[in-house]
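Topology and contacts: notes
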Amino acid sequence: MSYLGIDIGGTKTALLLERPGARPAYARFDWPAEADADADLAALAGAVSRLVGTGGPRTVRAAGIALPATVRDGLMVAWPSRPSWAGLRVGTLLERVLPGVPVAHEDDGSLAALAEAAATGARDLAYLGVGTGIGGGLVLGGALHGGPRGGAAEIGHMVVDPGGPVCVCGRVGCLQAVASGPATLARAAALLGAPVAPDAFRTGLAQECAWARDALRPTVAALSVAVVNLGELVQCAEVRIGGGFGHGVPGLVAAVREGSRRLARPGAPPPAVRRAAAGPRASLRGALLLARETAPEPAAGAAG
């Protein structure tokens, strides 16, 4: 039997299938352009079917799903990146995509934090996934930390600049409105006077172009503020920075480390700032861990 991890993102989705006696199988796909939730779910079900292959979902012992949407009582109440999903019940997603399979779901940032803790052995850490948005999660005392209402730690929606840009959530100055990949690239495009793709941005940084450095500066400042605030509020020992954009921009982690040191108050050093150990697939690896927790392998020699 296999275990399946699914990381559902705003623009793409990744899948990881762990099979006995074989190397893990990885797949990813981009969401259909301007599609509704039904078309998205059909695309996801097709991707699962192709990855699992002969035997279908019944060969999967359990699955874990990383979700970026705000979920309350099993209902997706908000997801700005895919607004048609608002109002969708998670149970509907599971029935359409993995009928008959034990499935657990959790916030994508929380699962990334879980994967980082597993990879590093750290008992107290915060995770910042810098990508299309900014996901975040907390592991405190060796356990995943959630709020009293069962919600995730929405680090990406901490307000770091009350006079800053409008976030997709509708509020002004959220961390992800300032420091996400799209926010950074939008500043770069405004400074350059032309659209800037991620590869071109990285090249601009490597060549020390002023437009690239100036576009990154607010990103570093906002992330540094977030790191210091996390240290003050939850006393985490370290902050891990990952995500597709965060993991791929050269010098970002070092710049945030230095920025957080400058903001620290005497006698209260900031958390250590490190690159994500699980890489840009931290949420996906966390989803696979969640699948294993949902339906663990039976003990050797167990009946049944």
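Cut-offs used in this document
Residues numbered from 1 in each chain as written. Predicted model: local features only at pLDDT ≥ 70, side-chain atom pairs only at ≥ 80, totals over all residues. Heavy atoms only, no water. Core = buried A, V, L, I, M, F, W, Y, C linked by side-chain atoms within 4.5 Å. Buried < 20%, exposed > 50% of the residue type's maximum accessible area, 1.4 Å probe, protein only. Helix = DSSP H or I, 4+ residues; strand = E, 2+ residues; numbered from the N terminus. Contact = heavy atoms within 4.5 Å. Salt bridge = Lys/Arg side-chain N within 4 Å of Asp/Glu carboxyl O. Pairing = 2+ DSSP bridges. Axes fitted to C-alpha atoms, helices over the stretch in contact; angles between N-to-C directions. Arc of directions from axis to C-beta. Parallel < 35°, antiparallel > 145°, perpendicular 65-115°, else oblique. Nonpolar A, V, L, I, M, F, W, Y, C, P; charged D, E, K, R; others polar.

**Some thoughts on the nonpolar core**
- If you look at the biggest cluster of nonpolar residues, it comprises 36 residues, and the most contacted ones within it are Leu128, Leu175, Phe201, Leu223 and Val256.
- Looking at this core, the elements with two or more residues in it are β8 (125-130), β9 (134-140), α4 (175-179), α5 (181-192), α6 (198-206), α7 (210-234), β11 (238-242) and α9 (252-263).
- When residues no more than four places from it in sequence are discounted, the contact partners of Leu175 are Leu128, Ile134, Ile155, Gly156, Met158, Val160, Ser180, Ala222, Leu223 and Ala226.
- Within the second largest apolar cluster, 31 residues are counted, among which are Phe29, Val60, Met76 and Trp79.

**So, the pattern of salt bridges**
- Across all of its chains, the model carries 10 salt bridges by this definition.
- The partner of Arg292 in a salt bridge is Glu18, and the shortest N-O contact between them spans 2.6 Å. Residue Arg292 is found in helix α10 (residues 282-294), and its partner Glu18 is found in strand β2 (residues 12-18); the two are separated by 274 residues along the sequence.
- Arg292 gets classed as partly exposed once you look at its relative accessible area, which sits at 35%.
- In this structure, Arg82 and Asp40 form a salt bridge, with 2.8 Å as the shortest nitrogen-oxygen distance. Here Arg82, found in the loop between β6 (75-78) and α2 (90-97), pairs with Asp40, found in helix α1 (residues 37-52); they are 42 residues apart in sequence, far enough to count as distant.
- Residue classification places Arg82 among the buried residues on the basis of a relative accessible area of 11%.
- Given the relative accessible area of 0%, Asp40 is considered buried.
- Salt bridges linked by common partners bring Glu238, Arg240 and Arg274 together as one network.

**Some remarks on the sheet that holds β2**
- Judged by pairing direction, the sheet is mixed, and its five strands sit side by side in the order β3-β2-β1-β4-β7 without closing on themselves. The sheet is open, and its two borders are formed by β3 (25-30) and β7 (103-107), each paired with just one other strand. For this sheet, the mean inter-axis angle between neighbouring strands, taken without regard to orientation, is 15°.
- The pairing of β2 with β3 spans six bridges and is antiparallel. Each bridged residue has a counterpart across the sheet, and for Leu15 the counterpart in β3 is Ala27.
- In the packing of α1 onto the sheet, contacts are made with β1 (2-8), β2, β3 and β4 (60-67), and the angle to β2 comes to roughly 30°.
- Most of the contacts of α2 go to β4, to which it runs at about 135°, and overall it touches β1, β4 and β7.

**Re α2**
- By the burial criterion, the buried members of α2 are Val90, Leu93, Leu94 and Val97. In a view along the axis of α2, the buried residues occupy a sector of 95°, so they form one face of it.

**Considering the packing of α6 against α7**
- Contact geometry of α6 with α7 gives a least axis separation of 7 Å together with a crossing angle of 105°. Here α6 lies roughly perpendicular to α7, going by the angle between them. Here Ala200, Phe201, Gly204 and Leu205 of α6 come into contact with α7, specifically with Trp211, Ala212, Arg213, Ala215 and Leu216.
- Residues that form the contact of α6 with α7 fall into these classes: seven nonpolar, one polar and one charged.

**Considerations on unusual backbone geometry**
- Even without being a glycine, Glu208 presents a positive backbone phi close to 55°.
- Residue position: Glu208 is located in the loop between α6 and α7.
- The phi angle at Gln235 is positive, at roughly 60°, despite the residue not being glycine.
- Note that Gln235 resides in the loop between α7 and β11.
- Given a relative accessible area of 59%, Gln235 falls into the exposed group.

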